[in-house]
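Chain residues, written in single-letter form:
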Amino acid sequence: MTAPVPEIATRPAQQSDMPAIHDLSVRLFGPGRFARSAYRVREGTRDISDFCRVAIAGERVIAAIRMTSILIGGKPGALLLGPLAVDAEFANQGHGRRLIAEVAEHARQAGRELIVLVGDLPYYGRLGFVAVPPPRIVLPGPADPARILVLELVPGALSRFEGLVTAAPDAIAPRS
Ligand SMILES: CC(C)(COP(=O)(O)OP(=O)(O)OC[C@H]1O[C@@H](n2cnc3c(N)ncnc32)[C@H](O)[C@@H]1OP(=O)(O)O)[C@@H](O)C(=O)NCCC(=O)NCCS
């Protein structure tokens with residue numbers, strides 16, 4: 001008899017998930033991940049924000065989405081999405097889509113106006129993200145402008161943001 005397949009649940013990420021999230025990122029993105037814009041913005045920030053979320057099969061983290069509170073041109077109210085990582089064994093089963101929808105809804109309820117990411121329009125476009133005509137939103141690092149995408153959580157939000165993306169003060173990790 002084969003073991004039953006556990007249902008996939010989602011919940012906010014916790015600090016104790018970090019080893020599993022780290023492991024997923026290493027497997028999916030490799031050492032080159034540190035050059036990615038999301039990592040550049042996140043340097044010096046907390047590992048886990050209130051908006052990070054994971055999908056779990058039993059105890060096992062099978063997908064994770066990192067969210068970082070950002071300023072755009074010094075203005076608060078936006079979040080950076082990334083990375084989103086889904087274990088290859090569980091890919092194309094809707095977990096990425098579900099995590100994005102859940103974090104977007106949470107962010108909207110928390111009064112956030114905009115989600116920014118660097119990613120593939122063919123994937124994120126189906127979830128409501130649109131490309132931003134450059135140079136409206138600028139990311140540190142080698143971000144291809146055509147891959148800078150946003151999701152407005154409030155209609156017209158993009159028109160209120162312009163400039164360089166930096167980590168927001170509430171995202172910065174306390175100095176130990
Ligand atoms: C890309 C990724 C986040 C998608 O998450 P997922 O849970 O596997 O995908 P979902 O179930 O939400 O969506 C699956 C659909 O998206 C499509 N899709 C997946 N990646 C895509 C991409 N890069 N571009 C266009 N479409 C894509 C699939 O073909 C599938 O299409 P279908 O519904 O018509 O069959 C995940 O596969 C992953 O972590 N991949 C490796 C890391 C990576 O490339 N990350 C990029 C995000 S920054």
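Structural notes, computed from the coordinates. Every value quoted in this text rests on a predicted model; they were computed, and no experiment measured them. (Residues numbered from 1 in each chain as written. Predicted model: local features only at pLDDT ≥ 70, side-chain atom pairs only at ≥ 80, totals over all residues.)

**Topic: the overall build of the chain**
Part 1 of the argument: Within the chain, the secondary structure is distributed over 4 helices and 9 strands.
Part 2 of the argument: From first element to last, N terminus to C terminus, the chain shows the α and β order β-α-α-β-β-β-α-β-α-β-β-β-β.
Part 3 of the argument: What you see for the chain is a C-alpha radius of gyration of 16 Å, in line with the 16 Å of a compact globule of 176 residues.
Part 4 of the argument: Over its C-alpha atoms, taken along the principal directions, the chain stretches across nearly 60 × 40 × 30 Å.
Part 5 of the argument: Partitioning the contacts of the chain with sequence separation of at least 6, the portion at a separation of at least 24 is 74%. (Helix = DSSP H or I, 4+ residues; strand = E, 2+ residues; numbered from the N terminus. Rg over C-alpha atoms; globule rule 2.2 N^0.38 Å. Contact = placed C-beta atoms within 7 Å.)

**Some details on the site of the ligand**
Part 1 of the argument: In the vicinity of the ligand there are 17 residues, among which Ala-91, Gly-96, Arg-97, Pro-122 and Tyr-123 approach most closely.
Part 2 of the argument: Sorting the residues of the shell around the ligand by element identifies β4 (75-86), α3 (95-109) and α4 (121-124) as the ones contributing at least two each.
Part 3 of the argument: Among the elements that line the shell around the ligand, the one with the most residues is β4, at 5 residues. (Near = placed C-beta within 6 Å.)

**Description of the pairing of strand β2 (residues 53-57)**
Part 1 of the argument: Pairing geometry for strand β1 (residues 8-12) and β2, over 5 bridges, is antiparallel. Paired with Arg-11 across the strands is Val-54, a residue of β2.
Part 2 of the argument: Across 5 bridges, the pairing between β2 and strand β3 (residues 60-72) is antiparallel. Paired with Arg-53 across the strands is Ile-65, a residue of β3.
Part 3 of the argument: The loop that links β2 with its antiparallel partner β3 comprises 2 residues; one of these, Gly-58, has a positive phi angle of about 65°. (Pairing = 2+ DSSP bridges.)

**Quick look at α3**
Part 1 of the argument: Over its 15 residues, α3 runs 21 Å from end to end, which matches the ideal 21 Å to within 8%, given 1.5 Å per residue.
Part 2 of the argument: At its buried positions, α3 is contacted by β1, β2, β3, β4, β5 (114-118) and β8 (148-152).
Part 3 of the argument: The first or second residue beyond α3 is Gly-111, which carries a positive phi of 90°. (Expected span 1.5 Å × (residues − 1).)

**Overview of the pairing of β3**
Part 1 of the argument: By the criterion of burial, β3 is predominantly enclosed, with 10 of the 13 residues buried.
Part 2 of the argument: Sheet topology note: the β3/β4 ladder contains 8 bridges and is antiparallel. When the sheet's bridge partners are listed, Ala-63 is paired in β4 with Val-86.
Part 3 of the argument: In this structure, β3 lies alongside strand β9 (residues 163-167), joined through 3 bridges in antiparallel fashion. Within the sheet, the bridge partner assigned to Ile-70 lies in β9 and is Ala-167. (Buried ≥ 20, exposed ≤ 12 C-beta atoms within 10 Å, placed from the backbone.)

**A closer look at helix α1 (residues 18-29)**
Part 1 of the argument: With 12 residues, α1 ought to run about 16 Å at 1.5 Å a step, and its terminal C-alpha atoms sit 16 Å apart, in line with that.
Part 2 of the argument: Gly-30, located one to two residues past α1, shows a positive phi value of around 65°.

**Section: the environment of Leu-28**
Part 1 of the argument: By the element assignment, Leu-28 lies in helix α1.
Part 2 of the argument: The exposure class of Leu-28 is partly exposed, given the 16 C-beta atoms found within 10 Å.
Part 3 of the argument: In this structure, the C-alpha to C-alpha distance between Leu-28 and Asp-87, residues 59 residues apart in sequence, is 7.8 Å.

**Points about the environment of His-106**
Part 1 of the argument: By the element assignment, His-106 lies in helix α3.
Part 2 of the argument: On a C-alpha basis, the gap between His-106 and Gly-156 in space is 19 Å, while along the polypeptide they are 50 residues apart.

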